[in-house]
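Analysis of the macromolecular model
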Amino acid sequence: MDPVSVGALPAGVCLAVSPLSWANDVLPELGADITLETCLTDAAETGYEGVELGRKFPRVAATLGPLLAARGLALASGWHSGQLAERGVGEEVAAVAAHADLLRALGSTVMVYGEVAMMAPGAPLDVPMSARRVMPAGDVAAYAARLTEFARRLREGWELGLAYHHHLMMVAETFEEVSAIFDSAGPEVGLLLDTGHAEAAGFDYARLIDRFGDRIVHIHLKDMRAPVMAEVRARDRSFNDGVRGGMFTVPGDGAIDFAPLARFVRASGYRGWLVVEAEQDPAIAPPRPAVARARAHILDTFAAAGTA
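To keep things clear, this report deals only with the structure shown in the data block.

Cut-offs and rules
Residues numbered from 1 in each chain as written. Predicted model: local features only at pLDDT ≥ 70, side-chain atom pairs only at ≥ 80, totals over all residues. Heavy atoms only, no water. Helix = DSSP H or I, 4+ residues; strand = E, 2+ residues; numbered from the N terminus. Buried < 20%, exposed > 50% of the residue type's maximum accessible area, 1.4 Å probe, protein only. Contact = heavy atoms within 4.5 Å. Pairing = 2+ DSSP bridges. Axes fitted to C-alpha atoms, helices over the stretch in contact; angles between N-to-C directions. Phe/Tyr/Trp six-rings, centres within 6.5 Å; stacked < 30°, edge-to-face > 60°. Lys NZ or Arg CZ within 6 Å of the ring centre and 35° of its normal. Lys, Arg positive; Asp, Glu negative; His and termini not counted. Salt bridge = Lys/Arg side-chain N within 4 Å of Asp/Glu carboxyl O. Polar contact = N/O pair within 3.5 Å; in protein donor to acceptor, adjacent residues only side chain to side chain.

On to the environment of Leu36, then. Relative to the helices and strands, Leu36 is located in helix H1 (residues 36-45). Given the relative accessible area of 9%, Leu36 is considered buried. Sequence spacing of Leu36 and Leu67 is 31 residues, and the spatial spacing of their C-alpha atoms is 9.5 Å. Setting aside chain neighbours within four positions, we find Leu36 in contact with Lys56, Phe57, Pro58 and Leu67.

Below, the structure written as structure tokens:
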């Protein structure tokens, strides 16, 4: 890495890494033999400032806090599997309470919201990609209203912002679906920009920056291997098949150009976390060198954006 890359991020922008490079949250066989201690130590020693939650993390602040603090890591955020597409705000608030308590106790300021209602029964990420359920257009406004109220109560109860994660196989996959929700939702609902999920859904992530840049409160930096994604779509494979096959990777290893993202962060005054993330098999892509390369690539990209 060129020395100019060190300190390339604007003030108030921090770089975290997702534990998905070490252990997959949905496919327990991926990373089953890798300990949480290895994940956290690798993250800290490769220069990251924080991590998001993963399936091997203890969910007790008094236990997790010292593990992070010993390595100088912050808790950037954590995923909540929301079901507001099918249930009320009060029920959702009750379901999120323990998770929100943990995030708040450990200093997080945003919570990742992923909509898991309306997914195929059983193993929804094992069905063909074409089998994704789509929310009827007439239901979007009421759904967005529930999201808005939930976000308001999340802020009032825990001082956490809601970062809505557009995601393959979920309610908001396409650009049109994301737009419909955010056109109806109030400003309380923030957007999590995921570069990889945008490209894998068939649209340039920069369209979300152009359309909803002022709503972006959290950013996932994921790359995509275009040939693998094309094969997944052509053969109508499942999401999990795609993950096993390596459709996602760390920044710098795939087809995505992160320069527009760097220019947006610099120009917009965005303040918050950038989270390097890759859902792939750690036996095929050893995590420590992969995330080290990704960090260097992102810092180099930001350094170049600063001199352009």
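Take the sheet that holds strand E5 (residues 110-115) next. The 9 strands lie next to each other as E3-E2-E1-E11-E8-E7-E6-E5-E4, forming an open sheet whose pairing is parallel. A single partner strand is all that each edge strand has here, and the edge strands are strand E3 (74-77) and strand E4 (79-82). The mean angle between the axes of side-by-side strands here comes to 35°, regardless of whether they run parallel or antiparallel. When E5 meets strand E6 (residues 161-165), the two strands line up parallel, connected through 4 bridges. Bridge pairing links Tyr113 to Tyr164 in E6. Sheet strands in contact with helix H5 (residues 175-184) are E6 and strand E7 (189-194), and its direction is about 160° off that of E7. In the packing of helix H11 (residues 287-307) onto the sheet, the strands contacted are strand E1 (13-17), strand E8 (216-221) and strand E11 (272-276), and the crossing angle to E1 comes to about 160°.

All told, the structure shown has 7 aromatic pairs when counted by the stated rule. Aromatic side chains Phe182 and Phe212 sit 5.7 Å apart centroid to centroid with 50° between the ring planes, which places their arrangement in the tilted category. Taken together, the residues span a long stretch of sequence, with Phe182 in helix H5 and Phe212 in helix H7 (residues 206-212) at a distance of 30 residues. Of the two residues examined, Phe182 and Phe212, each falls in the buried class. Among the aromatic residues, ring-to-ring pairing joins Tyr113, Tyr143, Phe150, Tyr164, Phe182 and Phe212 into one connected group. Its end group placed over the ring of Phe175, Arg207 keeps NZ or CZ at 3.8 Å from the ring centre. Lying over the aromatic face of Phe248, Lys222 brings its terminal NZ or CZ to 5.1 Å of the ring centre.

As a further point, take unusual backbone geometry. Even without being glycine, Met169 reaches a positive phi, approximately 75°. Looking at where Met169 falls in the secondary structure, it is placed in the loop between E6 and H5. Assessed through its relative accessible area of 5%, Met169 is described here as buried.

It is worth spelling out the side chain of Glu52 at this point. With respect to the helices, strands and loops of the structure, Glu52 is situated in strand E2 (residues 50-52). For the buried Glu52, which has no salt bridge, the nearest side chain bearing the opposite charge is Lys222, at an N-O separation of 8.6 Å. Of the polar contacts made by the side chain of Glu52, one reaches the side chain of His218; its length is 2.7 Å. Among the polar contacts listed, one links the side chain of Glu52 to the side chain of His220, at a separation of 3.0 Å. When near neighbours in sequence (up to four residues on either side) are disregarded, Glu52 contacts Val17, Pro19, Phe57, Leu75, Ala76, Ser77, Val112, His218, His220, Val275 and Glu277.

For the rest of this paragraph, the subject is the pairing of E11. Along E11, 5 of the 5 residues are buried, which leaves the element largely enclosed by surrounding structure. Sheet topology places E1 next to E11; 5 bridges connect them, and they run parallel. Opposite Ala16, over in E11, you have Val275 as the bridge partner. As paired elements, E8 and E11 share 3 bridges and run parallel to each other. In the strand pairing of E11, Leu221 is matched with Val276.

The values reported here are purely geometric and, on their own, carry no functional implication.
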